[in-house]
2 protein chains.
Amino acid sequence: MIPLITAFALSPDQGKGLARDARVRWALEEVGQPYDVRFLSFQAMKEPAHMALHPFGQIPTYEEGDFVLFESGAILLHLAEHHAGLLPDEANARMRCIGWIFAALNTVEPPLVEYTMARLFERDKPWYEARNVMLEDRLRVRLRQLSERLGDAQWLEGEFSVGDLMMVSVLLRLRSSCILNDYPNLAGYVARGEARPAYQRAFEAQLAVFLAASKG
Amino acid sequence: MIPLITAFALSPDQGKGLARDARVRWALEEVGQPYDVRFLSFQAMKEPAHMALHPFGQIPTYEEGDFVLFESGAILLHLAEHHAGLLPDEANARMRCIGWIFAALNTVEPPLVEYTMARLFERDKPWYEARNVMLEDRLRVRLRQLSERLGDAQWLEGEFSVGDLMMVSVLLRLRSSCILNDYPNLAGYVARGEARPAYQRAFEAQLAVFLAASKG
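In this report, we go over the structure that sits alongside the text. (Residues numbered from 1 in each chain as written. Chains lettered and ligands numbered in written order. Predicted model: local features only at pLDDT ≥ 70, side-chain atom pairs only at ≥ 80, totals over all residues. Heavy atoms only, no water.)

## A short note on the overall build of chain A
For step 1, the next point in the chain: Scanning chain A from terminus to terminus reveals nine helices and four strands.
For step 2, the next point in the chain: When its helices and strands are written in sequence order, chain A yields β-α-β-α-α-β-β-α-α-α-α-α-α.
For step 3, the next point in the chain: Relative to the compact-globule value of 17 Å for 216 residues, chain A shows a C-alpha radius of gyration of 18 Å, a close match.
For step 4, the next point in the chain: Taking the principal axes of its C-alpha atoms as reference, chain A extends roughly 50 × 45 × 30 Å.
For step 5, the next point in the chain: If you take every contact in chain A between residues at least 6 apart in sequence, the share linking residues at least 24 apart comes to 68%.
For step 6, the next point in the chain: About 9200 Å² of surface is accessible on chain A, with carbon and sulfur atoms providing 55% of the total.
For step 7, the next point in the chain: Each charge class in chain A can be summarised by its mean position, and for the 23 positive and 28 negative side chains these summaries are 5 Å apart. (Helix = DSSP H or I, 4+ residues; strand = E, 2+ residues; numbered from the N terminus. Rg over C-alpha atoms; globule rule 2.2 N^0.38 Å. Contact = heavy atoms within 4.5 Å. Areas by Shrake-Rupley, 256 points an atom, 1.4 Å probe, with all protein chains shown as cover. Lys, Arg positive; Asp, Glu negative; His and termini not counted. Charge placed at Lys NZ, Arg CZ, Asp CG, Glu CD.)

## Looking at the interface of chain A and chain B
For step 1, the next point in the chain: Contacts between chain A and chain B engage 39 residues on the former and 39 residues on the latter.
For step 2, the next point in the chain: A per-residue breakdown of the area chain A buries against chain B is headed by A:Phe56, A:Met95 and A:Phe102, which together make up 19% of the total.
For step 3, the next point in the chain: Summed over the shared surface of chain A and chain B, the number is four salt bridges.
For step 4, the next point in the chain: Across the pair A:Arg131 and B:Glu122 runs a salt bridge whose closest N-O atoms are separated by 3.4 Å.
For step 5, the next point in the chain: Here chain A is connected to chain B by 11 residue pairs in polar contact (both at pLDDT 80 or more). (Buried area = accessible area lost by both parts, 1.4 Å probe. Salt bridge = Lys/Arg side-chain N within 4 Å of Asp/Glu carboxyl O. Polar contact = N/O pair within 3.5 Å; in protein donor to acceptor, adjacent residues only side chain to side chain.)

## What about the sheet that holds strand S3 (residues 61–64) of chain A?
All names here are of chain A.
For step 1, the next point in the chain: Spatially, the four strands line up as an open sheet ordered S2-S1-S3-S4, and their pairing is mixed. Lying at the two open borders of the sheet, with one neighbouring strand each, are strand S2 (36–40) and strand S4 (67–70). With strand direction ignored, the average angle separating the axes of adjacent strands in the sheet is 25°.
For step 2, the next point in the chain: Pairing geometry for strand S1 (residues 4–8) and S3, over two bridges, is antiparallel. Residue Ile5 lies in a different strand from S3, and its bridge partner there is Tyr62.
For step 3, the next point in the chain: Its contacts with the sheet put helix H4 (residues 72–82) on S3 and S4, and the angle it makes with S4 is roughly 125°. (Pairing = 2+ DSSP bridges. Axes fitted to C-alpha atoms, helices over the stretch in contact; angles between N-to-C directions.)

## With respect to the sheet that holds strand S1 (residues 4–8) of chain B
Residue and element names in this part refer to chain B.
For step 1, the next point in the chain: If you walk across this open sheet you meet the four strands as S2-S1-S3-S4, and the pairing is mixed. Among the strands making up the open sheet, the edge pair consists of strand S2 (36–40) and strand S4 (67–70). Taken pair by pair, the neighbouring strands of this sheet meet at an average axis angle of 25°, ignoring direction.
For step 2, the next point in the chain: Here strand S3 (residues 61–64) runs beside S4; their pairing, made up of four bridges, is antiparallel. Among the inter-strand pairings, Glu63 is bridged to a residue of S4, identified as Val68.
For step 3, the next point in the chain: Contacts from helix H4 (residues 72–82) reach S3 and S4 within the one sheet, and its direction differs from that of S4 by about 125°.

## Topic: the relation of the copies chain A and chain B
For step 1, the next point in the chain: Relative to chain B, chain A is turned by 180° and slid 0.0 Å along the rotation axis, the superposed coordinates differing by an RMSD of 0.0 Å. On this basis, the relationship between the two copies can be described by a two-fold rotation axis.
For step 2, the next point in the chain: When the interface residues of chain A are mapped onto chain B, 100% of them again fall at the interface, so both copies present the same face. (Least-squares fit on C-alpha atoms with pLDDT ≥ 70 in both.)

## Thoughts on the layout of surface pockets
All names here are of chain B.
For step 1, the next point in the chain: Considered as a void within the structure, the second largest pocket measures approximately 150 Å³ in volume.
For step 2, the next point in the chain: Lining the second largest pocket are Leu171, Leu172, Leu174, Arg175, Ser177, Cys178, Leu180, Asn181, Ala187, Val190, Ala191 and Glu194.
For step 3, the next point in the chain: For the lining of the second largest pocket, the element with the most residues is helix H8 (residues 184–194), which contributes four residues.
For step 4, the next point in the chain: Its residues assigned to classes, the lining of the second largest pocket shows eight nonpolar, two polar and two charged. (1 Å grid on protein atoms, 1.4 Å probe; cavity = no way out; pocket = protein on both sides within 12 Å on 5 of 7 lines; lining within 4 Å. Points joined across faces, edges and corners; volume = space filled by probe spheres on them. Nonpolar A, V, L, I, M, F, W, Y, C, P; charged D, E, K, R; others polar.)

## A word on unusual backbone geometry
For step 1, the next point in the chain: Of the consecutive residues A:Ile59 and A:Pro60, the connecting peptide bond is found in the cis state with omega at 0°.
For step 2, the next point in the chain: With respect to the element layout, A:Pro60 can be found in the loop between helix H3 (48–51) and S3.
For step 3, the next point in the chain: Residues other than glycine seldom take positive phi values, yet B:Gln14 does so here, at roughly 60°.
For step 4, the next point in the chain: Its place among the elements puts B:Gln14 in the loop between S1 and helix H1 (21–30).
For step 5, the next point in the chain: Among the residues examined, B:Gln14 registers a relative accessible area of 52% and is labelled exposed. (Buried < 20%, exposed > 50% of the residue type's maximum accessible area, 1.4 Å probe, protein only.)

## Observations regarding the pattern of salt bridges
For step 1, the next point in the chain: Per the stated rule, a full pass over the model turns up 34 salt bridges over all chains.
For step 2, the next point in the chain: For A:Arg140, the salt bridge goes to A:Asp182, with nearest N and O atoms at 2.9 Å. One end of the pair, A:Arg140, is in helix H6 (residues 128–150); the other, A:Asp182, is in the loop between helix H7 (162–171) and helix H8 (184–194), and 42 residues separate them in sequence.
For step 3, the next point in the chain: Under the relative-accessibility criterion, A:Asp182 is labelled partly exposed at 47%.
For step 4, the next point in the chain: Each of A:Glu114, A:Glu122, A:Arg131, A:Arg138, B:Glu114, B:Glu122, B:Arg131 and B:Arg138 takes part in salt bridges that share partners, so that together they form one network.

Structural data, given as C-alpha cells:
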C-alpha cells in the first residue's frame, strides 16, 4: 500500500524545504518507499475532514489505509521501525537514536523556533531588540552543547540514523541566519545531511510543488 | 537490574511535581518497576560527569548499567516498550498512543511553557503585558483543539496509555494558572491522571525529597 502524506498546497516558506512534510519526505526517500501527497490550503487544514486526521489542524499527516498518524516525530519513528536503514539493529543502540528525535524536537527545536519566529513576526514590536538578545543566548547554549557532543563525528550515534535526519531537519531552519557559521562542525553536519541523495530528492519534490503552485 | 534516574537535589518548583523526573517516576510506578535516584545540584548538572550522560546538562537521565538514555519522551517510550501496561498490544494502536507523546511534547508543551515561563521570568519586562495576550491566545488554540479531540472520552486512545501520561504531565504545568477551568473536560482529564495511585506515589516520592532537602 502506498502511504499518503499531507503537505501545504502553497508552502509558506516558498519551497525552502522547511515545512514539516520535508522531513517525512526525506525519511520516505531514505527507505525507498514511494508515497502520495494530498495538498491542503490553510483553510482546508482547519476543516473537519482534516481535523479528524490531525486534531491540531497541521501538516504532515501519514495514512496507510485506515491507519492515521500525525506529528512528524511519530511518523519518522513509524517509518524507521517498519523499514531498514534508519535505525541500528541492537535494541539499546536503536533507542539511543530514537532519543535524538526527542532531543531534536523537544530540546533544540523550541529555542530555535522561538528565535526564528520572533525574527519573522515580532520585528516591528517595541520589545524585539531586547528579547532577541535573550532568545539568541538561549539558542546558542543548545547549539554549543550539541556542537560539543558531536565533536569530530560524522553523525550523532555512529551511522546515519533517523535521529540525525530529525536533528538536521531542525537545524536547517537556521539557514536564513548566519548563526551556524559559529559552529563549524554543526554546519558541516547539516551539509552532510543535505548532500544525501534522499534529502535532495525530497527537497526537489517539495520545491516542484511550490513552483507549480506559484505559477498556476 | 534496578534502573537509576537523575533528579534535582532541590527542585526549583519546590516539590510541586513539575520537574521532568516526575513523569519518569510516574511511568516507573505504573509498571511497578523499582528505581534508584541520583540527586544533582544545578552545578553538578553542568559538570563533565553528568554532561557525558546528558549532552544538554538536564535531568532526568535513565541508566540501566551501561545503557544511558536522556529526554523524558525517550525514557517513557523505552519503559512503555519494555513493560506491560502503558501501550496496547496491536501495532497501529500502539503507534497512535506513542504519537500522543510527540503531540504532548512538541505541539502542546512549547506554547504552554512559553506562557508559563514568561509569567515567571518576564513579568518585570516592559513587553510583558502585550506579549502575554499573544502567548495566551496561542496556548488557548491548542487547549481548545485538545479539548475538542478529547470530548467526553476518559483518555485519548481508549485505555490509559503512555500518551496520556505525558499529556497530563504537560498540562499539570498549568496548575498555577486558572486557565484549565475554561476547559472542563481537560481539567477532568488531568484530575483523572492525578488520581491514579501510581501518580500519587510518584508525586509523594519527589515531594519527600524536596521536604527533606529544604529542611537539611
